[in-house]
Amino acid sequence: MDFMGAVEHVFRNYAVFQGRARRSEFWYFQLFHFLVVTALGILSFAGIGILLMPLYLLGSFVPNMAVYWRRYHDIGRSGAWFLISYVPVVGLILSIVWLAQDSQPGDNPYGPNPKGVGRATQGTAGAGISYDGARGSLAVRCLAGPLQGQTYPVRGNELLFGREAACGVRLPDSAPGVSRRHCCIRWQQGIPVLVDLNSSYGTFLGDGKRLPPQYPEPVAAGTRFYLGNRGILFEIIVF
């Protein structure tokens, strides 16, 4: 994850305390936070930063705490360990050491590894699909729900699911458990991934695993998932 991608991701997940955050997301955002605070501190001498500083600190407090929370999740610790950084000297040193650790391999109680797209290549290679240049070869079929029997090709960068008019897979407003922008399938590093878009009712794989918001779950032909409840079920197919 690059600098701007990390900053965008943190603010887009403004108050998301679920899931995991890899080192690059956390430390790039801390760099951004340091640069902004430093710049506003300098501007304070001109009188401008005196007004802007409290506004920025107020606006960044929740997303900054959330990315701390998710970073601790990523190394297998409760987000409450965030509070240790307020312990003088020892607490600060421990928090820096822990937050500098690499992601815990594989899934942990807080969700899938945010680096999971890279490790998914082997898991999807046997699905009978060559993903390089195969962006038009996948589709999603609705197995249950108001769109049952309909098939939607996965083309372009992403396929959106939800009640909003802009969604490629648009469900009626009466569909239970479906948010306006619920989830999407997008291509990431040549691999199709399923991403929950902070939906209210959740996006689930066929085995009942709920996806953490905004974290890509690698998928392949045969993957089943549902929106909110098992009554709205989809399957990824080759067409």
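Sequence order as written defines residue numbering, which begins from 1 separately in each chain. pLDDT decides what is reported in this predicted model: residues at 70 or higher carry local features, side-chain atom pairs at 80 or more are listed and counted, and totals for whole chains, interfaces and linings draw on all residues regardless. Note that water and hydrogens are dropped before the side-chain values are worked out from all heavy atoms of the structure.

Per residue, pLDDT captures the predictor's confidence, and it can take any value from 0 to 100. Model confidence for the protein chain is summarised by a mean pLDDT of 85, while 90% of its residues fall at 70 or above. Any two residues whose heavy atoms approach within 4.5 Å are treated as being in contact. In the predicted structure, residues 117-136 sits below a pLDDT of 50 and forms 37 contacts with residues beyond four places in sequence or in another chain.

A word on the packing of helix H1 (residues 3-12) against helix H2 (residues 23-44). Where H1 contacts H2, the two axes come as close as 8 Å, and the packing angle between them is 90 degrees. Considering their axes alone, H1 and H2 lie roughly perpendicular with respect to each other. Contacts between H1 and H2 involve Phe3, Ala6, Val7, His9, Val10 and Phe11 from the first element and Ser24, Glu25, Tyr28, Phe29, Leu31 and Phe32 from the second. Here an axis means a line fitted to C-alpha atoms, over the contact stretch when the element is a helix, while the angle between two N-to-C directions is reported on a 0 to 180 degree scale. Labels follow the DSSP assignment, with helices taken as runs of H or I lasting at least four residues and strands as runs of E lasting at least two, numbered in each case from the N terminus. Roughly parallel means an angle under 35 degrees; roughly antiparallel, over 145; roughly perpendicular, 65 to 115; everything else is oblique.

Moving on: a nonpolar patch on the surface. Note on patches: the residues involved have over 30% relative accessible area and no salt bridge, like charges join within 9 Å, and the nonpolar side chains Val, Leu, Ile, Met, Phe, Trp and Tyr join within 5 Å. In short, Shrake-Rupley with a 1.4 Å probe defines the accessible areas, and a residue's cover is counted only from the protein chains shown. Salt bridge criterion: a side-chain nitrogen from Lys or Arg within 4 Å of a carboxyl oxygen from Asp or Glu. Where nonpolar side chains cluster on the molecular surface, the patch consists of Val89, Val90, Ile93, Leu94 and Val97 and spans about 440 Å² of accessible area. Topologically, Val90 is positioned in helix H4 (residues 90-99). Exposure is judged per residue with a 1.4 Å probe applied to protein chains only, and the accessible area is read against the type maximum: over 50% gives exposed, under 20% gives buried, and values in between give partly exposed. The exposure class assigned to Val90 is exposed, which follows from its relative accessible area of 54%.

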